[in-house]
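Descriptive analysis of the structure
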Amino acid sequence: MTEQEPCEVCTAPAEQKCSNCHSVFYCSREHQKQHWKAHKQQCIPARVREDGKYGRYLEAIRSVKAGEIIMKESPLISGPSQVTPPVCLGCYKLLEGGKTVSCEKCGWPFCSEVCTRNVVHTPECHYTQRRSEKVTISTYGKPHPNYQCITVLRCLYQRDNNQKIWSKLQTLESHDEERRNTDKWNNDRKMIAEFIWKFFKLDGVFNEEEIMKCCGIVQINGHEVPLLEPEYVAVFDKVSMVEHSCRANCNKSFASDGQIILSAGVNIAAGSHVSVCYTDPLWGTEARRHHLSDSKFFECSCERCSDATELGTMFSAIKCKKKDCKGYLLPDTFVLPILHKTKSPDPSTRGLDNKFWKCRNCKDEVSDGIIQQLLQDIGRELSVMPKGEPDACERFIGHCSSYLHPSHYYMTDVSLALAHMVGQQDALGLEKVSNDRLLLKTQLCKKITDLLETLAPAETRLRGSLLFELHAAVAETGRRKSLTGGPVMMLRYIAESKKILMESARLLAHEPPELPEGRLRLQAKINLMDMEALMQNMSAALPAPL
Ligand SMILES: [Zn+2]
Ligand SMILES: [Zn+2]
Ligand SMILES: [Zn+2]
Ligand SMILES: [Zn+2]
Ligand SMILES: [Zn+2]
Ligand SMILES: [Zn+2]
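Residues numbered from 1 in each chain as written. Chains lettered and ligands numbered in written order. Predicted model: local features only at pLDDT ≥ 70, side-chain atom pairs only at ≥ 80, totals over all residues. Heavy atoms only, no water.

1. Details of the overall build of the protein chain
- Secondary structure assignment for the protein chain yields 15 helices and 20 strands.
- Dimensions of the protein chain along its principal axes, counting C-alpha atoms only, are 80 × 65 × 65 Å.
- Buried residues in the protein chain amount to 49% of all 546 residues.
- Sequence separation of at least 24 residues holds for 64% of the intrachain contacts in the protein chain that already meet a minimum separation of 6.
- Per element, the accessible surface of the protein chain, about 27,500 Å² overall, is 52% carbon and sulfur.
- With 71 positive and 68 negative side-chain charges, the protein chain shows a spacing of 2 Å between the two charge centroids. (Helix = DSSP H or I, 4+ residues; strand = E, 2+ residues; numbered from the N terminus. Buried < 20%, exposed > 50% of the residue type's maximum accessible area, 1.4 Å probe, protein only. Contact = heavy atoms within 4.5 Å. Areas by Shrake-Rupley, 256 points an atom, 1.4 Å probe, with all protein chains shown as cover. Lys, Arg positive; Asp, Glu negative; His and termini not counted. Charge placed at Lys NZ, Arg CZ, Asp CG, Glu CD.)

In structure tokens form, the structure reads like this:
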């Protein structure tokens, strides 16, 4: 049976639906065209849903292909980071003393006259004029306390000036209960709430609850936008409802204009929850879960956290030290309640001291204390390792391979650095690298991209830049092999390198030129054209096959 719904424009029975979002119907092409301008904003292949377990979340309406953009959204609110040296309150560029322009009305410093007129500045401009004393900033280049409250103040301003934004903000998660009386909460109360009351003389206008709720909204939902140094903060509406998974199916990137882009990292089936990773997917399970618990106030039990082997990758596994055993130790589960440092310990979780790591091969058990000590020692070794030295990386990997699984997060961390480093030591790049190192680079790039595909397939920025490294290593290998194997050998390698580079460019498709990954994407385009030309010339020069 065909679906019959009223046409969005004329309400006549209609069976054609919008092919992107499947949420609106039209009686004719004409009415669809006519409605597009109004519909465009809402037209995304995902919808907000709600249930008891997840709260609000986003679900794919139709199947979505890897790489497809699910939505692009402008911030509800943007503003400087809480702790920041003076930045322009129009464009967030870092300000230098002596090179600023003051807003005529309020005195806050800007990078240019044009920026003083940016509407994002309206809230603090309004409240500064209201206090009837202009702001003077005299120290630059180090964190300035006056900026701590700006983003929260911009949220509060909406209450009396933009109901639509205010109500959207108010529906976002703020974890007031869990935040209350934590160190961060106490600090915010002093540096933000009290500042708003005293400096802006807004005592009696905004109460503690309203201010602290806005602090929570910014802390929980704010994105650090990496387009500038220092980063600034932006709070989004729908993107904030995308749930977390340590093996997410989507990723976020930023367009040059500050819009957030949510795109599918893998193929997503219709009806699936859309997810992103709120933490670093290259951290081990314990570190990820602690970070999520501390910053986002929930205990993750996603498919990756629930599986101690982390989807078979053994990303947190420790080598068994029993004689002749080649197995690896892991706890039965990582998904245990996390003790909040800021709250009194819950007696029901006391049994955790007896946690053991078990060898998956010989069943030998080692206490958690011993494992934590080992991890701490290795962590310390890693933190004092000289930066940018391939030899030091190789020594670390060699040494730690007797304690850690080859795919352990510490091993992966150093391997990743090493894979990028080989060929960057010298202006001549990969040409100067030894055959062994070139092979090592190739192997590491392949190994880590495979690992990422299993562990964090939507981590396209990292995978894309690794594949860029791999394409260069494969091309250089081809050049060396062609010295004995001739042009046919060279062509084979160039073709492989090109294929890898195309995948890299696809993965980096949404990265802006302000970020290193965006610059790689542009470089990939140039390299692809060069390769194309090279392949054509070489094929033309080859003798015709008999
Ligand atoms: Zn119609
Ligand atoms: Zn649509
Ligand atoms: Zn500016
Ligand atoms: Zn102003
Ligand atoms: Zn998880
Ligand atoms: Zn064992």
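After that view of the structure, there is still more to cover.
2. Considering the coordination of the zinc ion (ligand 2)
- The protein atoms that coordinate the zinc ion (ligand 2) are Cys 18 (SG), Cys 21 (SG), His 39 (NE2) and Cys 43 (SG), at distances of 2.0 to 2.3 Å.
- Around the zinc ion (ligand 2), the four donor atoms are arranged such that angles at the metal cover 103 to 120 degrees; this shape is classified as tetrahedral.
- The exposure class of Cys 21 is buried, given its relative accessible area of 0%. (Donors = N, O, S within 2.8 Å, 3.2 Å for Na, K, Ca; no water. Tetrahedral: all angles 85-135°; square planar, octahedral: opposite > 155°, others 65-115°.)

3. As for the pattern of salt bridges
- The tally for this structure, following the rule as stated, stands at 31 salt bridges.
- In this structure, the salt-bridge partner of Glu 208 is Arg 189, at a minimum N-O distance of 2.5 Å. Residue Glu 208 is located in helix α8 (residues 208–221), and its partner Arg 189 is located in helix α7 (residues 183–198); the two are separated by 19 residues in the primary sequence.
- Judged by its relative accessible area of 23%, Glu 208 falls in the partly exposed class.
- For Arg 189, a relative accessible area of 22% translates into the label partly exposed.
- Here Glu 310 ties to Arg 288 by a salt bridge, and the two come within 3.2 Å at their closest N and O atoms. With Glu 310 in the loop between α9 (285–296) and β17 (318–319) and Arg 288 in helix α9, this pair connects stretches of sequence that are 22 residues apart. Both residues of the pair, Glu 310 and Arg 288, belong to the buried class. (Salt bridge = Lys/Arg side-chain N within 4 Å of Asp/Glu carboxyl O.)

4. Observations concerning the pairing of strand β18 (residues 328–331)
- Residues Tyr 328 and Leu 330 line one face of β18 and the alternating positions Leu 329 and Pro 331 line the opposite face, and both faces are buried.
- Direction of pairing for β17 relative to β18: antiparallel, over a ladder of two bridges. Bridging across to β18, Lys 319 finds its partner in Tyr 328.
- Pairing of β18 with strand β19 (residues 356–359) involves three bridges; the strand directions are antiparallel. If you follow Leu 329 over to β19, its bridge partner there is Cys 359. (Pairing = 2+ DSSP bridges.)

5. Observations regarding the side chain of Lys 441
- Relative to the elements of secondary structure, Lys 441 occurs in helix α13 (residues 435–455).
- From its side chain, Lys 441 meets the backbone oxygen of Ala 419 in a polar contact 2.8 Å long.
- Residues in contact with Lys 441, not counting those within four places in the same chain, are Ala 419, His 420, Val 422, Leu 430, Glu 469 and Ala 473. (Polar contact = N/O pair within 3.5 Å; in protein donor to acceptor, adjacent residues only side chain to side chain.)

6. Digging into the packing of helix α10 (residues 368–383) against helix α12 (residues 409–421)
- Contact pair α10 / α12: the axes reach a minimum separation of 11 Å and the direction vectors enclose 15 degrees. If you check the angle between α10 and α12, you find them roughly parallel. α10 and α12 meet at a crossing whose hand is left-handed. Between α10 and α12, the contacting residues are Leu 375, Ile 378, Gly 379 and Leu 382 on the first element and Tyr 409, Tyr 410, Asp 413 and Val 414 on the second. (Axes fitted to C-alpha atoms, helices over the stretch in contact; angles between N-to-C directions. Parallel < 35°, antiparallel > 145°, perpendicular 65-115°, else oblique. Left-handed = near helix turned anticlockwise from the far one by under 90°.)

7. Description of the packing of aromatic side chains
- Going through the model one piece at a time under the given rule, you end up with 12 aromatic pairs.
- Between Tyr 127 and Phe 206 the ring centres are 6.0 Å apart and the planes differ by 85 degrees, which places this aromatic pair in the edge-to-face class. Highlighted residues: Tyr 127 in helix α3 (residues 122–130) and Phe 206 in the loop between α7 and α8, separated in sequence by 79 residues.
- Considering the side-chain rings of Phe 195 and Phe 199, the 4.6 Å spacing of their centres and the 15 degrees angle between planes classify their relative orientation as stacked.
- In this arrangement the basic side chain of Arg 131 is found over the ring face of Phe 199, its NZ or CZ atom lying 3.8 Å from the centre.
- For Lys 296, the ring lying beneath its charged end belongs to Tyr 278, and the centroid distance is 5.7 Å. (Phe/Tyr/Trp six-rings, centres within 6.5 Å; stacked < 30°, edge-to-face > 60°. Lys NZ or Arg CZ within 6 Å of the ring centre and 35° of its normal.)

8. Here's the deal with the coordination of the zinc ion (ligand 1)
- Cys 7 (SG), Cys 10 (SG), Cys 27 (SG) and His 31 (ND1) make up the full set of protein donors to the zinc ion (ligand 1), lying at 2.0 to 2.3 Å.
- If you look at the zinc ion (ligand 1), its four donor atoms make angles of 95 to 118 degrees with each other, and the shape they trace is tetrahedral.
- Overall, Cys 27 belongs to the partly exposed group, its relative accessible area being 30%.

9. Let's talk about the sheet that holds strand β7 (residues 69–73)
- The three strands are arranged β7-β15-β14 in an open sheet whose pairing can be described as antiparallel. Sheet topology places β7 and β14 (250–254) at the edges, where each strand pairs with a single neighbour. Between one strand and the next, the sheet's axes are offset by a mean angle of 20 degrees, whatever the strand orientation.

10. Some details on the pairing of β14
- For β14, the tally of buried residues reaches five of five residues, placing the bulk of the element in the interior.
- Examined bridge by bridge, β14 and strand β15 (residues 260–264) share five bridges and lie antiparallel to one another. Paired with Ser 253 across the bridge in β15 is Ile 261.

11. Examining the confidence of the model for the protein chain
- Looking at the protein chain as a whole, the pLDDT averages 93, with 96% of positions reaching at least 70.
- Contacts of residues 341–351 to residues separated by more than four positions or lying in other chains number six contacts, the stretch itself having pLDDT below 50. (pLDDT = per-residue confidence, 0-100.)

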